[in-house]
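Coordinates in review
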Protein chains: 2
Amino acid sequence: MPVTIRDLAKKLNLSITTVSRALDGYKDVSESTRQRVVNAAYEMGYQPSYAARQLRRKRADAIGYILPTSSPRFSDPLFSSFVSGLCDEASDHQIDLVVSSCPPETQDEQAMYHRWLDSRRVDGMVLNRTRVYDWRVEFLTRNKIPFTLLGKPDMIYDAPGIVVNERGGFESLVRHLAAQGHRRIAYIGASPYLTIQLERYAGYRQGLEAAGLPFIPELVVVGDLTEEGGRQAGLKLLEMENGPTAVLGINDVTALGVCRAVQDAGRMVGRDVAVAGYDGIKESEFANPPLTTLFQPTYEIARRLTAMLLGVINGETLPETRITLQPELMIRASTQNRAF
Amino acid sequence: MPVTIRDLAKKLNLSITTVSRALDGYKDVSESTRQRVVNAAYEMGYQPSYAARQLRRKRADAIGYILPTSSPRFSDPLFSSFVSGLCDEASDHQIDLVVSSCPPETQDEQAMYHRWLDSRRVDGMVLNRTRVYDWRVEFLTRNKIPFTLLGKPDMIYDAPGIVVNERGGFESLVRHLAAQGHRRIAYIGASPYLTIQLERYAGYRQGLEAAGLPFIPELVVVGDLTEEGGRQAGLKLLEMENGPTAVLGINDVTALGVCRAVQDAGRMVGRDVAVAGYDGIKESEFANPPLTTLFQPTYEIARRLTAMLLGVINGETLPETRITLQPELMIRASTQNRAF
DNA sequence: AGACGCATCCAAAACGTTTTGGCCTTCCAG
DNA sequence: CTGGAAGGCCAAAACGTTTTGGATGCGTCT
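Treat the numbers as computed from the prediction; the structure is a model and nothing was measured. (Residues numbered from 1 in each chain as written. Chains lettered and ligands numbered in written order. Predicted model: local features only at pLDDT ≥ 70, side-chain atom pairs only at ≥ 80, totals over all residues. Heavy atoms only, no water.)

Regarding the interface of chain A and chain B
Rules: A contact between two residues is defined here by any heavy atoms of the two lying within 4.5 Å. Buried area: the accessible area, evaluated with a 1.4 Å probe, that two parts lose upon being put together, summed over both parts. Here, a salt bridge means any side-chain nitrogen of Lys or Arg that lies within 4 Å of a carboxyl oxygen of Asp or Glu. Any pair of nitrogen or oxygen atoms within 3.5 Å is treated as a polar contact; in protein, a donor-acceptor pairing is required on top of that, and neighbouring residues in sequence qualify only through side-chain atoms on both sides. Note on conventions: DSSP H or I runs of at least 4 residues are helices, E runs of at least 2 residues are strands, and numbering of each starts at the N terminus. The nonpolar class holds Ala, Val, Leu, Ile, Met, Phe, Trp, Tyr, Cys and Pro. Asp, Glu, Lys and Arg form the charged class, and all remaining residues, Gly among them, are polar.
At the interface, 48 residues of chain A touch 50 residues of chain B. Approximately 4700 Å² of surface area, both sides summed, lies buried where chain A meets chain B, with 51% of it carried by carbon and sulfur atoms. At the surface where chain A touches chain B, the tally comes to eight salt bridges. Remark: the boundary between chain A and chain B carries 26 residue pairs in polar contact (both at pLDDT 80 or more). Elements with a minimum of two residues in the side of chain A that touches chain B: α4 (50–57), α5 (78–92), β2 (96–102), α6 (107–118), α11 (252–264), α12 (282–286) and α13 (298–313) of chain A. When grouped by side-chain class, the residues that make up the side of chain A that touches chain B number 18 nonpolar, 16 polar and 14 charged.

If you want it as structure tokens, here you go:
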């Protein structure tokens, strides 16, 4: 049976009011009794009941994040960095992070958001993998729930968050490949309802245009952001009679799948086919050969998103409500040493 | 202002008691009114306040996990799988996962466990990266808090959990290397207070013995489970005048650091120096060359640990309270193609 | 007719805090 | 001596549920 504020009050011959206020450091309790209270609380190992406090204060001291588990099980290592970032920043502020997983755009997802927010389980949310039309953004703004998000949906609502210049990133990537002499550059994307697809594909097209390369529709195929999806798409591209000499994955995981497909086909990444991705996950660095990619500081982004969120929750006015970052092009062996 | 049970009762001309019991499916409310209540609840978007419910029920419907952030920021990708597993399994049971991060064996860690458990923020915890003498195990059993853990500390307490035969794994790994002709096999470990160090190091020693190889103290160095630590330790080993021909990392991340050190030294992994790790993280598969490792199904382990934990919380008697798994030796290029 | 069982419903207590609106003293200025 | 301010404390309400222990009415059995 845990010790309550009432036990403490009885022990000290004080009212629970005074104990509560003493612990919260109010001015209307004398310094000497405050000391007594604090000491006793420490000795008896008193911790205020989280539930009771939340009920009164109407604050959960927690933020939420729901990670999109697309496939049956395993998810992008990208989310590992993201969750770490959320977690570390929240911990620094004595705030808890509660996470759950759910396939996006499903009934379950809606139910889960409703459950969390209608029951005031968290004070705010961080969103990720934004959709072009994102019902979550509408839902949260309509219900006046604080949130921040990575990416910008194509909606009237203006939400605080961080946006990365993915379009520009992909454009520069295509130019890099064009400079290497590639003229048939493929792109493996994802569902068009995701902003990352919108932006990165647009960047791909812009890059082609800027480099004066023709757009070849057959070289655009849609994946599912997973490694296996990338492999499948890669195989399809490699089987074409007039296939690509370079393949861009919408993310690193897809690109790694392509690498595997290339190997399966008995060819060599870098020498026979150039491959590049986006994200800058650790795996890309250790890949064989190392993967050219656009690095985006996921961990720091997550930290900043939670810092911003906590600001919003506390009613502060943020210095900047929308931050733009540039991804960094990391050229590695997978797009060099071309042998043809 | 969210809708409460009282609003619902008023609207329906019922007492809050009846509404509550109707929603919980008690037998003492007629089917017709139950329907009325359920419909109204749905229409008005009623969700019971999480805090109020938790306060009454004395149940948080949440489990906790604190991830050990050793270095300033980034952590082992291993934990990504682990958290995914916890999360998915918890979600399946409509239970939330609350996570935080904290450097192990610090004041902060103790404070954090106390804060969570004395304030009944979670119903139980999953532990990881067990210590040989693990105060958390003592703390949790003493306070009768449900928990499960991966690994077995060397303590009197008997806690439900999963244990992997790391010792046997490392022994077989050493034998594999010995069979390849290696006679000077190094081992890069970690703090001796971790059970993984205890077990894996013991396995290393057993392997040497079994293979009839001499134990050479200089070939054992202590790392910190990070890639950079592995690289440092690797460099140290490579500088030795009579250095090892094979290096074992206590985990994959360490081994990857060694790979980097080997490259830095202008030598080739596999050909000049064999390298192997433990965990079977994704990176090891994509490494250059692919890394020999002992695979352990972290994701599934995490799922089973939470399933077990939920069983304990619900007062069930577990079919088996301690599960033992065998790691799988995955031999890849990093320990083959020896050229000397 | 009385006792009893059954089906529905409910008032009030409880959970452990925080906050509101005071109540006593004491002290000082007028 | 009095009025008022200030310092230190507290009783009670409130937060939104769940649970306890009936209450009511109706039919059935003795």
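And the narrative resumes.
Concerning the pattern of salt bridges
Applied cut-off: Three labels apply to residues, based on accessible area from a 1.4 Å probe with only protein chains included: buried if under 20% of the type maximum, exposed if over 50%, partly exposed otherwise in between.
A complete count under the given rule lists 42 salt bridges over all chains for this structure. Note that R59(A) and D123(A) form a salt bridge whose closest N and O atoms lie 3.9 Å from each other. Here R59(A) is found in the loop between α4 and β1 (62–68), whereas its partner D123(A) is found in the loop between α6 and β3 (124–127), with 64 residues between them in sequence. Taking relative accessible area as the criterion, D123(A) reaches 14% and is therefore assigned buried. Within this structure, E227(A), R260(A), K282(B) and E285(B) form a network of salt bridges that share partners.

Considering the protein's contact with DNA strand C
The test is simple: Whether a residue is near a molecule or strand depends on its heavy atoms: if one lies within 4 Å, it is near.
Close to DNA strand C lie 29 residues, the nearest being I5(A), S20(A), R56(A), T17(B) and R56(B). Take the atoms of DNA strand C that sit within 4 Å of the protein: sugar and phosphate atoms are 55% of them. At 3.0 Å from a sugar or linking oxygen of DNA strand C is found a side-chain nitrogen or oxygen belonging to Y46(A). Secondary structure elements with two or more residues in the surface near DNA strand C: α1 (5–12), α2 (16–23) and α4 of chain A together with α2 (16–24) and α4 (50–57) of chain B. Considering every element that reaches the surface near DNA strand C, the biggest residue donor is α4(A), with five residues. The class makeup of the residues in the surface near DNA strand C is ten nonpolar, eleven polar and eight charged.

A closer look at the protein's contact with DNA strand D
In the vicinity of DNA strand D, 28 residues are found, and the nearest of them are T17(A), R56(A), I5(B), S20(B) and R56(B). A share of 57% is what sugar and phosphate atoms reach among the atoms of DNA strand D within 4 Å of the protein. T18(A) is positioned with one of its side-chain polar atoms (N or O) 2.9 Å from a phosphate oxygen of DNA strand D. Here a phosphate oxygen of DNA strand D sits 2.7 Å away from a polar atom, N or O, in the main chain of I5(B). Mapped by element, the contributors of at least two residues to the surface near DNA strand D are α2 and α4 of chain A together with α1 (5–12), α2 and α4 of chain B. Considering each element in turn, the surface near DNA strand D owes the most residues, five residues, to α4(B). When its residues are assigned to classes, the surface near DNA strand D shows nine nonpolar, eleven polar and eight charged.

Observations regarding the sheet that holds β3(A)
Short version of the rule: DSSP-based pairing: two strands are paired if at least 2 bridges between them are found. Fitting a line to C-alpha atoms yields each axis, with helices limited to the stretch in contact; the angle taken between N-to-C directions then spans 0 to 180 degrees.
Ordered by their spatial adjacency, twelve strands build an open sheet running β11(A)-β5(A)-β4(A)-β3(A)-β1(A)-β2(A)-β2(B)-β1(B)-β3(B)-β4(B)-β5(B)-β11(B), and the pairing between neighbours is mixed. Whereas interior strands pair on both sides, the edge strands pair on one side only; in this sheet they are β11 (322–325) of chain A together with β11 (322–325) of chain B. On average, each strand axis in the sheet is tilted by 20° relative to the strand beside it, whichever way the strands run. As judged from the three bridges shared by β2(A) and strand β2 (residues 96–102) of chain B, these two strands associate in the antiparallel manner. Considered in β2(B), the bridge of V98(A) is made with V98(B).

As for the pairing of β11(A)
All names here are of chain A. Alternating positions in β11 separate cleanly, I323 and L325 being buried on one face and R322 and T324 remaining unburied on the opposite face. The sheet contact formed by strand β5 (residues 161–164) and β11 spans four bridges and is parallel. Within β11, the residue paired with G161 across the bridge is R322.

Notes on unusual backbone geometry
All names here are of chain A. For the bond running from N288 to P289, omega is -5°, close enough to zero to count as cis. Positionally, P289 belongs in the loop between α12 and β10 (292–295). At R120, a position not held by glycine, the phi torsion is positive, near 50°. Along the chain, the position of R120 falls in the loop between α6 and β3. On the accessibility criterion, R120 (31% relative accessible area) is partly exposed. Here the phi dihedral of D279 falls at roughly 130°; this positive angle occurs in a residue that is not glycine. Along the chain, D279 falls in strand β9 (residues 274–279). Judged by relative accessible area, D279 falls into the buried class, the value being 2%.

Digging into the domain arrangement of chain A
Residues and elements named next belong to chain A. Let me state the cut-off plainly: Domain start and stop positions are those given by an automatic or database domain assignment.
The domain boundaries assigned to chain A delineate domain 1 (5–48), domain 2 (62–164 + 298–325) and domain 3 (166–296 + 328–335). Along the contact surface separating domain 2 from domain 3 lie zero salt bridges. Where domain 2 meets domain 3, there are four residue pairs in polar contact (both at pLDDT 80 or more).

Details of the sheet that holds strand β7 (residues 220–222) of chain A
Hydrogen bonds along the backbone pair up the strands of a sheet, which may run parallel or antiparallel. All names here are of chain A. Read from one edge to the other, the open sheet built from six strands follows the order β7-β6-β8-β9-β10-β12, with strand pairing classed as mixed. Each end of this open sheet is capped by a strand with a single partner; those strands are β7 and β12 (328–330). The mean inter-strand angle of the sheet, taken between neighbouring strand axes irrespective of direction, is 20°. The strands touched by helix α9 (residues 195–211) within the sheet are β6 (185–189), β7, β8 (246–249) and β9, with β6 carrying the most contacts at an inclination of about 175°. Taken strand by strand, helix α10 (residues 227–239) contacts β6, β7 and β8, and its axis lies near 150° from that of β6.

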